[in-house]
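# Close look at the chain arrangement
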Amino acid sequence: WAGATGPAVPPLGRRSSLRRAMAACVPGKLMEMLSPGRQRASAGAEQPPYTRLDLSILDRFSRLDQGGKVMAEYVWVGGGGELRCKTRTLDRACTSVEELPIWNFDGSSTGQAPGDDSEVLLKPCAVYQDPFRKGHGNIIVLCECYLPDPDGPQGLGAPIPTNTRSPAAKIMADIAEHQPWFGIEQEYTLFEPDKKTPYGWPKEGQPGPQGPYYCSIGTENAFGRAVVEAHYKACLYAGINISGINGEVMPGQWEYQVGPCTGIASGDQLLASRYLLIRVCEQYGVVVSFDPKPIPGDWNGAGCHTNVSTKAMRAEGGYDAILKAMERLGAPGKQEEHIAAYDPSGGLDNQRRLTGAHETASYKEFSWGVANRGCSVRIPRMTEKEKKGYFEDRRPASNMDPYIVTGKIMETTVLPDC
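Residues numbered from 1 in each chain as written. Predicted model: local features only at pLDDT ≥ 70, side-chain atom pairs only at ≥ 80, totals over all residues. Heavy atoms only, no water.

In this section: the layout of surface pockets. Summary: where empty space remains is shown by rolling a probe the size of a single water molecule over the atoms. Taken as a whole, the second largest pocket spans an internal volume of roughly 350 Å³. Around the second largest pocket sit 21 residues that line it, and E187, E248, H305, R373 and R394 are the ones nearest its centre. Elements represented by at least two residues in the lining of the second largest pocket include exactly β7 (181-191) and β9 (253-262). Taken together, the residues of the lining of the second largest pocket break down into 3 nonpolar, 8 polar and 10 charged. (1 Å grid on protein atoms, 1.4 Å probe; cavity = no way out; pocket = protein on both sides within 12 Å on 5 of 7 lines; lining within 4 Å. Points joined across faces, edges and corners; volume = space filled by probe spheres on them. Helix = DSSP H or I, 4+ residues; strand = E, 2+ residues; numbered from the N terminus. Nonpolar A, V, L, I, M, F, W, Y, C, P; charged D, E, K, R; others polar.)

Relative to each other, helix α10 (residues 334-341) and helix α13 (residues 402-413) sit at 165°, their axes nearing to 9 Å. In terms of orientation, α10 lies roughly antiparallel with respect to α13. Crossing handedness for the pair α10 and α13: right-handed. Contacts from K334, E337, H338 and A341 of α10 reach α13 at I404, V405, K408, I409 and T412. By residue class, the composition of the contact of α10 with α13 is 4 nonpolar, 2 polar and 3 charged. (Axes fitted to C-alpha atoms, helices over the stretch in contact; angles between N-to-C directions. Parallel < 35°, antiparallel > 145°, perpendicular 65-115°, else oblique. Left-handed = near helix turned anticlockwise from the far one by under 90°. Contact = heavy atoms within 4.5 Å.)

This paragraph deals with the packing of aromatic side chains. In total, this model carries 5 aromatic pairs according to the counting rule given. With centroids separated by 6.0 Å and ring planes inclined at 55°, the aromatic side chains of Y188 and Y256 adopt a geometry described as tilted. Pair noted here: Y188 is in strand β7 and Y256 is in strand β9, with a separation of 68 residues, a long-range link. Of the two residues, Y188 and Y256, both sit in the buried class. (Phe/Tyr/Trp six-rings, centres within 6.5 Å; stacked < 30°, edge-to-face > 60°. Buried < 20%, exposed > 50% of the residue type's maximum accessible area, 1.4 Å probe, protein only.)

Next up on the list: unusual backbone geometry. Along the chain, G259 connects to P260 via a cis peptide bond; the corresponding omega equals 5°. Examined against the element boundaries, P260 turns out to sit in strand β9. Even without being glycine, C215 reaches a positive phi, approximately 55°. Following the sequence through the fold, C215 ends up in the loop between β7 and α6 (225-238). When its relative accessible area of 45% is taken as the criterion, C215 is described as partly exposed.

Before going further, it helps to spend a moment on the environment of G157. Position of G157 relative to the elements: it lies in strand β6 (residues 156-159). Looking at G157, the relative accessible area reads 18%, which means it is buried. Remark: the alpha-carbon pair of G157 and C145, spanning 12 residues in sequence, is separated by 9.8 Å.

This part takes up the confidence of the model for the chain. On average, residues of the chain carry a pLDDT of 90, and 88% of them reach 70 or more. Throughout residues 1-11 the model reports pLDDT below 50, and contacts reaching past four residues in sequence, or to other chains, amount to 28 contacts. Below pLDDT 50 for its whole length, residues 14-41 participates in 44 contacts with residues either more than four positions away or in separate chains. (pLDDT = per-residue confidence, 0-100.)

Attention now goes to the packing of α6 against helix α7 (residues 265-284). Between α6 and α7, whose axes approach to 9 Å, the crossing angle comes to 135°. In terms of orientation, α6 and α7 fall into the oblique class. Considering how the two elements wind past one another, α6 and α7 form a crossing that is right-handed. In this structure, α6 contributes A226, V227, A230, H231, A234, C235 and A238 to the contact, and α7 contributes S273, L276, L277, V280, C281 and Y284. Its residues assigned to classes, the contact of α6 with α7 shows 11 nonpolar, 2 polar and no charged.

What follows deals with a nonpolar patch on the surface. Taken together, the side chains of L55, I57, L58, F61 and L64 make up a nonpolar region of the molecular surface, amounting to roughly 480 Å² of accessible area. One can find L64 in the loop between α4 (55-62) and β1 (70-77). (Patch = residues over 30% accessible without salt bridge, like charges linked within 9 Å, V, L, I, M, F, W, Y side chains within 5 Å. Areas by Shrake-Rupley, 256 points an atom, 1.4 Å probe, with all protein chains shown as cover. Salt bridge = Lys/Arg side-chain N within 4 Å of Asp/Glu carboxyl O.)

Judged by nonpolar contacts, the single largest core of 60 residues is most densely connected at Y188, L276, F391 and M410. With 8 residues, α7 is the single largest residue contributor to this core. Once residues lying within four places of it in the same chain are set aside, the contact partners of Y188 are V228, G252, Q253, W254, E255, Y256, L277, V288, S289 and F290. Of all hydrophobic cores here, the second largest spans 19 residues; its members include L90, L100, W103 and C143. (Core = buried A, V, L, I, M, F, W, Y, C linked by side-chain atoms within 4.5 Å.)

It is worth spelling out α6 at this point. Helix length check: α6, at 14 residues, gives a terminal C-alpha distance of 20 Å against a target of 20 Å (1.5 Å per residue), a fit within 8%. By the burial criterion, the buried members of α6 are V227, V228, H231, A234, C235 and A238. Each buried residue of α6 lies within a common arc of 130° when the element is viewed along its axis, so the set occupies one face. In this fold, the buried residues of α6 make contact with β4 (119-129), β7, β8 (242-247), β9 and α7. Following α6 by one or two positions, G239 has its phi on the positive side, about 100°. (Expected span 1.5 Å × (residues − 1). Arc of directions from axis to C-beta.)

All right, on to α13 then. With 12 residues, α13 should cover 16 Å at 1.5 Å per step; its first-to-last C-alpha distance of 16 Å lies within 8% of that length. Within α13, the full set of buried residues consists of P402, Y403, I404, V405, T406, G407, K408, I409, M410, T412 and T413. At the N-terminal end of α13, a side-chain oxygen is found 2.8 Å from the backbone nitrogen of Y403, two or three residues along, and the residue is D401. (Polar contact = N/O pair within 3.5 Å; in protein donor to acceptor, adjacent residues only side chain to side chain.)

Before going further, it helps to examine the pattern of salt bridges. Enumeration according to the criterion identifies 22 salt bridges in this entry. The partner of D349 in a salt bridge is R352, and the shortest N-O contact between them spans 3.4 Å. Taken together, the residues D349 and R352, both in helix α11 (residues 348-353) and 3 residues apart, mark about one turn of the helix. D349 gets classed as buried once you look at its relative accessible area, which sits at 5%. Note on R352: relative accessible area 31%, which makes it partly exposed. Each member of the salt-bridge network shares a partner with another, and the members are K334, E337, K408 and E411.

Dropping the structure here:
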């Protein structure tokens, strides 16, 4: 497993290099299972009949006293970009990551280590209240993955190849004086358990055309609101800076916003919010998809629009800093770099979404405009008027890695000044 120091962490956006690094140490069968193509193929498989468990029975046990012990749910990103979790018991309540123990898991079962040297370490990086185990000090612990090294600090070696937080955190530390704020708009689509039928759609055929579903109300238009509301409250309880929700253009599609968050906290909070969403859907018996074009044809895709602002952009006259960022984002070669970084397939997922239709710009070229949702980057009308504020990068796909995306934007627009 590459020795004590481990392989070098790939640059931000180099997902193809990351997958090659994984392939070098992961058994072939598991690598095949984690591949996007295999995941899409299995998504169409029929679900077997199963018995829905009665959550009211679980609630009886949730009220039991824990004897002063605390349940800590450790969450991390697996080898295919999926979220994984497991729980450990703590002897007392912990409120900061410094108090939490480093743990480990079997990386050979997640596509992150070979079987003959399978231990991967979990280093806590953010902590949230657990809305599923309310009270008693129970927490959710977001973690980074590292190689073990007995001689390293806390027994930690190098970050493993799938740890994209580590290089992003370095960029955020290098530009900390610029105080970057991010607001991320996470779009997603709810599906029936068959993973083929969007929630609220007829089993055969399609619903009426787009138009009445965006920010809609009513049984005939808004499908799955109970999931959305439950997730909203779960995020607020957990301590995530969720700033809003709305129904999206395609029926069964929704959006929530996380931010503003400063620096690396943006990626942390978005991943934690995705974890909460998946867990809420688990309880309702529906499936959430972050695919950027879940239904082909004349239907909107799903993005993860990323709003960006720095100290200079928020100051009086900050519009000049925004225009400077546009110049850097549009420099030769930068469009290709960013498109490759904005989805986990090196840009292939976004090719299905960024077609120039359905409120998108083509992935083939960079553009920006004021109040123009058909551009790569939109500058809000009030930002133009007030000559300060923020810009919205509309290119990131709904399944994007927030560490890679926020780090890449800062790498292009701010790091050259540091």
